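Each chain, letter by letter, is given below.
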Amino acid sequence: MNAPATLAPPPAAAVAAEAAIDPLELRRCLGSFVTGVTVVTALDDEGAPLGMTVNSFNSVSLDPPLIVWSLRNSAGSYGVYSRARRFVVNILAEDQIEVSNRFARSGSDRFAGLAWSRGIGGLPLIDGCAATFECSTEATHPGGDHLLFLGRVERIVGSGRKPLAFGAGKYMVVHPYDNAKNASPGTSNVASLNAVHLARPCLEDLNRETDKTVGLGVWGNCGPTLIWWIEGSQPLDLRLRCGMVLPLLGSATGKVFAAYSPPEITAPYLEAEIAAAARGEGSDFASRAAVDAHLAAVRERRLGAISDAVLTDINERGVSAFSAPVFDASGAIVLALTMMGDARSFDAADPAVERLADAARRLSARLGFQR
Ligand SMILES: Cc1cc2nc3c(=O)[nH]c(=O)nc-3n(C[C@H](O)[C@H](O)[C@H](O)COP(=O)(O)O)c2cc1C
């Protein structure tokens, strides 16, 4: 095996143009390039395993098989990696967030209690990864405050597990975009995968533009169901759960589904909630007539709302929420986009509510809804 070569540093002339770059903006923009997450493992001078979380990994060449990653010059293990003749890139699977965190934390024994085996040269292969690349160090190259490693791939193992992703400072799971092509727009009022796929980036935009907590509801097999949400920067202390079934009359999401879904689907739920209200539990709607009048008003505004509400087991402080329906090409409601805020500062006059309604209208149009 050849000793790793060290290439010449870049010409100084390249540095001047970087002066105007705002470091925070640079980080933010780099974060829009979503990557996988890896742990690069090696052996230290005493033969003890070491590893660190790295997302600067990328492919370089297929023939010969070469990959690249970069190491911060100030990393505690810089010396060991820069001398290492070999390393392993362990591509983490989507359920290995804990592994990523433990190899990014300093000070702890990163291998304690971890399942791993030894690969070529006795280097650590972490169990449960999506893939491993066992590499020899082909070259290193100084790159500003990082050192680049060019690795020659000598053995690969792929497990078929789905990879963990990382972008904008957050862990992510990946869903193939192709699923959206294959799913036909919703039938009756069951949300199709296509609608959900399209709704997520739309809600991300809404959250970024309004800084409100936004959520996505579908009609599940037990009624209106919250399947996803993103919090605004002011936490609402809501104990939300993915798959949480919401009341039809006591939640904004429920109200839009109650207003637009076929009555034969909603009737059993509404009757149960009206009966509960008559016993003094749940919503204030103690008669069918009151419910019908309210749902007509929801259709009139195309907006479900709850104001200063406290939901059992979800929140203690009053929350106001608005929910807008999303329709598919057949005119059936497939989703509800919901926006939540602290009741003390969020009401119907907030311009964010109109943006919510607009987002739902645009999403409906993309799903082929024509009215
Ligand atoms: C998702 C993620 C990706 C990271 N990518 C890199 C990277 O590419 N290069 C790097 O030097 N550090 C990266 N880090 C930071 C290191 O994992 C972290 O600084 C580590 O604790 C360094 O170990 P050491 O200083 O104990 O050697 C990343 C951290 C996270 C959470």
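Scoring rules and cut-offs
- Residues numbered from 1 in each chain as written.
- Predicted model: local features only at pLDDT ≥ 70, side-chain atom pairs only at ≥ 80, totals over all residues.
- Helix = DSSP H or I, 4+ residues; strand = E, 2+ residues; numbered from the N terminus.
- Rg over C-alpha atoms; globule rule 2.2 N^0.38 Å.
- Buried ≥ 20, exposed ≤ 12 C-beta atoms within 10 Å, placed from the backbone.
- Contact = placed C-beta atoms within 7 Å.
- Pairing = 2+ DSSP bridges.
- Domains from an automatic or database assignment.
- Axes fitted to C-alpha atoms, helices over the stretch in contact; angles between N-to-C directions.
- Parallel < 35°, antiparallel > 145°, perpendicular 65-115°, else oblique.
- Nonpolar A, V, L, I, M, F, W, Y, C, P; charged D, E, K, R; others polar.
- Near = placed C-beta within 6 Å.
- Expected span 1.5 Å × (residues − 1).
- Arc of directions from axis to C-beta.
- Core = buried A, V, L, I, M, F, W, Y, C linked by C-beta atoms within 7 Å.

## Some points on the overall build of the protein
Along the backbone of the protein there are nine helices and 19 strands. At 26 Å, the protein has a C-alpha radius of gyration far larger than the 21 Å of a compact globule built from 371 residues. Along the three orthogonal principal directions, the C-alpha set of the protein runs to about 85 × 45 × 40 Å. In the protein, buried positions account for 35% of the 371 residues. Pairs at least 24 apart in sequence give 61% of the contacts found in the protein among residues at least 6 apart.

## Here we look at the sheet that holds strand E18 (residues 319-327)
What the six strands build is an open sheet, ordered E16-E15-E14-E19-E18-E17; its pairing is antiparallel. The sheet is open, and its two borders are formed by strand E16 (244-245) and strand E17 (304-309), each paired with just one other strand. Examined bridge by bridge, strand E14 (residues 213-220) and strand E19 (residues 333-342) share five bridges and lie antiparallel to one another. Following the sheet pairing, Val214 is matched in E19 by Met339.

## A short note on the domain arrangement of the protein
A common way to report how large an interface is uses the accessible area buried once the components associate. Considered domain by domain, the protein is made up of domain 1 (5-171) and domain 2 (177-366). Here domain 1 and domain 2 have C-alpha centroids that lie 42 Å from each other.

## Topic: the packing of helix H6 (residues 252-260) against helix H8 (residues 288-301)
At a closest axis distance of 9 Å, the pairing of H6 and H8 adopts a crossing angle of 95°. In terms of orientation, H6 lies roughly perpendicular with respect to H8. Of H8, the residues touching H6 (which contributes Lys255, Val256, Ala258 and Ala259) are Leu295, Val298 and Arg299. Classifying every residue of the contact of H6 with H8 gives five nonpolar, no polar and two charged.

## What to know about the site of the ligand
Taken together, 16 residues are adjacent to the ligand, and Thr53, Ser56, Arg72, Gly76 and Ser77 come closest. Of all the secondary structure elements, the ones that give two or more residues to the shell around the ligand are strand E4 (49-54) and strand E6 (66-72). When grouped by side-chain class, the residues that make up the shell around the ligand number seven nonpolar, eight polar and one charged.

## Structural notes on H8
Note on helix geometry: an α-helix contains 3.6 residues per turn, so any two residues three or four positions apart are oriented the same way. Between the first and last C-alpha of H8 there are 20 Å, a value that for 14 residues agrees with the 20 Å anticipated at 1.5 Å per step. Buried within H8 we find Val291, Leu295 and Val298. In an axial view of H8, the angular spread of the buried residues amounts to 50°, which keeps them on one side of the axis. Residues of H8 that are exposed and angled more than 90 degrees away from the buried face: Ala289, Ala293, Ala296 and Glu300. Against the buried residues of H8 lie H6, helix H7 (263-278) and E17. One or two positions beyond H8, positive phi appears at Arg302, with a value near 50°.

## Concerning unusual backbone geometry
Cis peptide bonds are those with omega within 30 degrees of zero, and the linkage from Asp63 to Pro64 qualifies with 0°. At Ala168, a position not held by glycine, the phi torsion is positive, near 50°. Residue position: Ala168 is located in the loop between strand E12 (164-167) and strand E13 (170-173). According to the C-beta neighbour criterion, Ala168 is partly exposed, with 13 such atoms within 10 Å.

## A few points about the pairing of E4
Looking along a regular strand, one sees side chains alternate from face to face of the sheet. With six bridges connecting them, strand E3 (residues 38-43) and E4 associate as antiparallel partners. Each residue of the ladder has a partner; that of Thr38, found in E4, is Val54.

## Some points on the sheet that holds E13
Read from one edge of the open sheet, three strands run E2-E12-E13, paired in antiparallel fashion. This sheet does not close on itself; its edge strands, each paired only once, are strand E2 (35-36) and E13. Sheet topology note: the E2/E12 ladder contains two bridges and is antiparallel. Bridge pairing links Thr35 to Phe166 in E12.

## As for the nonpolar core
As a rule of thumb, nonpolar side chains are buried together in soluble globular proteins. Within the largest apolar cluster, 46 residues are counted, with the highest numbers of intra-cluster contacts made by Ala199, Val326, Leu335, Leu337 and Leu356. Among the elements of the structure, helix H5 (193-210), E14, H6, H7, H8, E18, E19 and helix H9 (351-366) are those that each provide at least two residues to this core. Per element, the largest residue contribution to this core is seven residues, and it comes from E19. Met52, Ile67, Tyr81 and Val89 belong to the second largest nonpolar core, which has 31 residues in total.

## What to know about the pairing of E14
Among the eight residues that make up E14, seven are buried, leaving the element largely enclosed by the rest of the structure. Here E14 runs beside strand E15 (residues 223-230); their pairing, made up of seven bridges, is antiparallel. Residue Gly220 lies in a different strand from E15, and its bridge partner there is Gly223. Where E14 hands over to E15, the hairpin turn is made up of two residues, counted between the paired strands.

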